[in-house]
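# Coordinate inspection notes
Letter by letter, the chains look like this.
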Amino acid sequence: MQKLPLDGARVVDFTAIWHGPHLSQWLGVMGAEIIKIESSLHPDITRSRFVFGKERAGLNLSVDFAALNYGKKDVTLNMAQPKARELAREIVKISDIVADNFGGGVMERWGLGYPDLKKLKPDIIVYSGSGYGRTGPYKDLPAFASVVEAFTGLHSITGHVGGEPAQMASHAWDDLVAAQHGVFAILAALYHRSKTGEGQYIDLSMSEAGAAFLAEPIMDYTMNGRVAGRVGNRDNIMAPHGCYRCRGQDKWVAIAVSNEEEWIAFCKAIGNPEWTKEERFGNELSRWKNQEKLDKLIGEWTINYDHYEVMERLQKAGIMAGASLDMEELAHDPHLKERDFFVEMEHPEMGRLSLPGLPWRLSNTPKGNYQCPPLLGEHNDYVFGELLGLSKEEVRQLKEEKVIY
Amino acid sequence: MNVGALSGLKVVEYSQFISGPYCAKLLADLGAEVVKVEKPGFGDKARSFGPFPRDIPHPEKSGLFLYLNTNKLGVTLNVESATGMKVFKELVKWADVLVENNSPREMKRLGLDYESLHKVNPRLVVTSITPFGQTGPYRDNKACDLIGFHVSGMAYLNPVDGVEDIEQQPPLKGAAHAGDFMAGLSGAVGTMSAVIAQQTTGLGQHVDLSEQEALASITRYEVGIFTHEGLPWERQRGGRGPETSIVPCQDGYAVINATGEGFWTNLVKMMGNPDWTKNELFQDPFYRRQNSDAIRLMVGEWSKERTTEEVKYAAQANRVPAMPVYTAKEAVNSEQLAAREFFVEINHKEAGRIKYPGAPYKLSGTPWSVHCSAPLLGEHNEGVYCGMLGYTRQDLTKMRGLGVI
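Summary of the structure given here. (Residues numbered from 1 in each chain as written. Chains lettered and ligands numbered in written order. Predicted model: local features only at pLDDT ≥ 70, side-chain atom pairs only at ≥ 80, totals over all residues.)

## Details of helix H7 (residues 178–201) of chain B
Given 3.6 residues per helical turn, the α-helix brings residues three or four places apart onto the same face. All names here are of chain B. Threshold: Under the scheme used here, helices are H or I runs from DSSP no shorter than 4 residues and strands are E runs no shorter than 2 residues, and both carry numbers assigned from the N terminus. How far a helix is expected to stretch is found by multiplying one less than its residue total by 1.5 Å. Exposure classes come from backbone-placed C-beta atoms, where a residue is buried if 20 or more other C-beta atoms lie within 10 Å of its own, exposed if 12 or fewer do, and partly exposed in between.
Taking 1.5 Å as the rise per residue, H7 with 24 residues should run 34 Å; its terminal C-alpha atoms sit 35 Å apart, in good agreement. With 21 of its 24 residues buried, H7 lies for the most part within the structure. Within two residues after H7, Gly202 carries a phi angle of roughly 75°, on the positive side.

So, in structure tokens, the structure goes:
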């Protein structure tokens, strides 16, 4: 078995909330040593996000934090204090990557802008993520994923036919799209550095990373001046293509038919009802044009069956179908279970955690560094004592002075 | 000659439509040498997908194909023929990486499963991007972007916004082909991790990317709530993050996200301290999160008196994270994206000059760049087969006659 790909690399991780921590979490799982910098005065806000009415007494009990911060070590540094910034600089000197996703100017104010960091370590790779980028008229605007998504046009094309604009799926889409693009850019920078010894500065704008997925509507506008509408679960080409109600409470199945062969198989699989022989459903183009009626009729069939049953029956017949899973079903999905997608961790305060792991597998690499999400300041003694070589007394003193705090 | 971060990395792409090509595009746009292998005749099926200029379909003018295949060399090859398979293996021997998005069954049938490829080139990293991965009970299931969104739980988590009858609305897939893009992006990250490992060990491995997992990964917080707290995420919750409001304006909609005390205070000030915000209940952030629907309605009373631009300027002046729900038109004409030079004009032999989305990130030392537009079908047959593999032009003529290229 090989070592983990980023074994030996170290990251000074100033990121917080969602976009940045997601990025540094993947670097950590891939083997880099992540030193997450928080402070007792400013812990990552996800530590205090409570859930469904249950207020969390401690800063080490949040699922929101846990889902985005495993694989990391954690220190507390009160960055308002010059001594704390000096310690941060010492950590940078022995690291390979520095990452942040602050609103504008924070790193520079701390004397940790790219030019400063380059002086400390010439080949340092610096990643700075933000809503709109570190340059331009919007560079200092406060941003969250939902707002950035509206800006790039995502809301305008998300939603049901005839409905209002809608959010895209769960949690923080653009945060995580940007995070993955960011990890890719960092790995590319590491590759470049391994060949040339050169580091560099990566300025990632969530709006730009998100817009990279929107080539279709963007190019329809730049080529044809046309603005796309909302299509729900429909497709520009395929019909039937939608989500249909099944037996039970709020249970649904997604079905897509891409050609005549699949259509014939589909009709057979649902028992060749009379309506499938109607002329208006007799060819691909006509089915697309009559999909509203088509969807209704299909829904009258699916309503009688459990959604897994529909998926299995149609897949057996060679048709694209998938049960629309809720969170409980996702957690119990037999396919994800067999692939060990969920990773188990033991957390000293939260107990057993079961969270999604890396969405890819490497055939000759160990599973990944899934150390449990860190307690606030858990690794102060390790980082300042062992890594930086301060004595126990020095560390104790710095804690008392609220530098390590 | 361009020096990209990935200069020197040699990639063969045997994929089509979106996920595989986007993965390979990310590598190509940062300087990797990518040879894209297409079937003779029709080529990549994305060539048949719009948008097309003036809606006139043309295999060399698909906006989707043009965007996804920048910076790649294009060859045609029929790997079902014996000569074609021999040539393919020569390309595999040349390459550091193979990116493919064919079904596991198909690759096995062709004799191009990982074990076989590894024998041809033990150094080779093989990235396989599929709907459900290489293993598990669903691995042979047929799927498309719609299916991926639903079986990953992402569709279920789409908040049921802006519709009259919540009960009637199915879970919603993401916009355009967001799922396929996400699979490609995640595949690229997995690929780079294996490439970095390859630099140390000299050995390749199989990168197994499942689109279901790439998307399920984004549900991490919501599924974590279930696995840890046993609480299902209710679909009929209204706005996605409780703090996010999609509000009506005179001429459209805006998205306002006032998470945190600071931004809430600014929001209240922006609206001129309306009476409802003085209510004791709304001072409690926990209460605000539980009553996001009410907040959205009340903020809507303020926003509906204003245009989207007025809301945008008020938000900027008061430091409230907010943006109008823009379409591709506003995004393409955005002053911020213009200042960032995000959109790039690329000239293509057949399609002419068109504006494309550009760099998802800005690297200071080795910037993203386009040195050639998407290839015409088989455009680089001579350059690759003669120039790189040593075939003669007479060989090519024979191969064309035999249906090999």
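## Some details on the interface of chain A and chain B
Quick note on the threshold: In this description, a residue-residue contact is defined by the distance between C-beta atoms placed from the backbone, which must lie within 7 Å. Each residue is assigned to one class: nonpolar for Ala, Val, Leu, Ile, Met, Phe, Trp, Tyr, Cys and Pro, charged for Asp, Glu, Lys and Arg, and polar for all the others, Gly among them.
The interface of chain A with chain B comprises 128 residues on the first partner and 132 residues on the second. Among the elements that take part in the side of chain A that touches chain B, helix H7 (residues 173–196) of chain A stands out by supplying 17 residues, more than any other. Of the residues contributing to the side of chain A that touches chain B, the split by class is 74 nonpolar, 38 polar and 16 charged.

## Re the environment of Gly148 of chain B
Counting through the fold element by element, Gly148 of chain B comes out in helix H6 (residues 145–151). Look past the residues within four positions of Gly148 of chain B in its chain and what remains in contact with it is Pro131, Ala143, Gly179, Glu211, Gln212 and Leu215 of chain B.

## Here's the deal with the pairing of strand E4 (residues 97–100) of chain A
All names here are of chain A. Threshold: Strands qualify as paired when DSSP identifies two bridges or more between them.
Of the two faces of E4, both are covered, the one formed by Ile97 and Ala99 as well as the one formed by Val98 and Asp100. Two strands pair when backbone bridges link them, and strand E1 (residues 10–13) and E4 are joined in this way by 3 bridges, in the parallel orientation. Following the sheet pairing, Val12 is matched in E4 by Val98. When E4 meets strand E5 (residues 125–130), the two strands line up parallel, connected through 4 bridges. Across the sheet, the residue bridging to Val98 is Val126, located in E5.

## Focus on the sheet that holds strand E8 (residues 252–257) of chain B
Across a sheet, strands are paired by hydrogen bonds formed along the backbone, either parallel or antiparallel in direction. Residue and element names in this part refer to chain B. Let me state the cut-off plainly: A fitted line through C-alpha atoms represents every axis, and for helices the fit uses only the stretch in contact; the resulting angles, taken between N-to-C directions, go from 0 to 180 degrees.
Read across the open sheet, the 3 strands follow the order E7-E8-E9; overall the sheet is antiparallel. Strand pairing shows two members of the sheet lacking a second neighbour, strand E7 (244–249) and strand E9 (322–324), which therefore form its edges. Direction aside, neighbouring strands of the sheet carry axes that sit 20° apart on average. Alignment of E7 against E8, held across 6 bridges, turns out to be antiparallel. Counterpart to Ser245 in the pairing with E8 is Ile256.

## Quick look at unusual backbone geometry
With an omega of -5°, the peptide bond between Ala239 of chain A and Pro240 of chain A qualifies as cis. Among the secondary structure elements, Pro240 of chain A is positioned in the loop between helix H9 (215–224) and strand E7 (241–245). Its identity as a non-glycine residue notwithstanding, Asp55 of chain B has a phi of 60°, on the positive side. Here Ala176 of chain B, not a glycine, exhibits a phi torsion of approximately 45°, which is positive. Structurally, Ala176 of chain B is set in the loop between H6 and H7.

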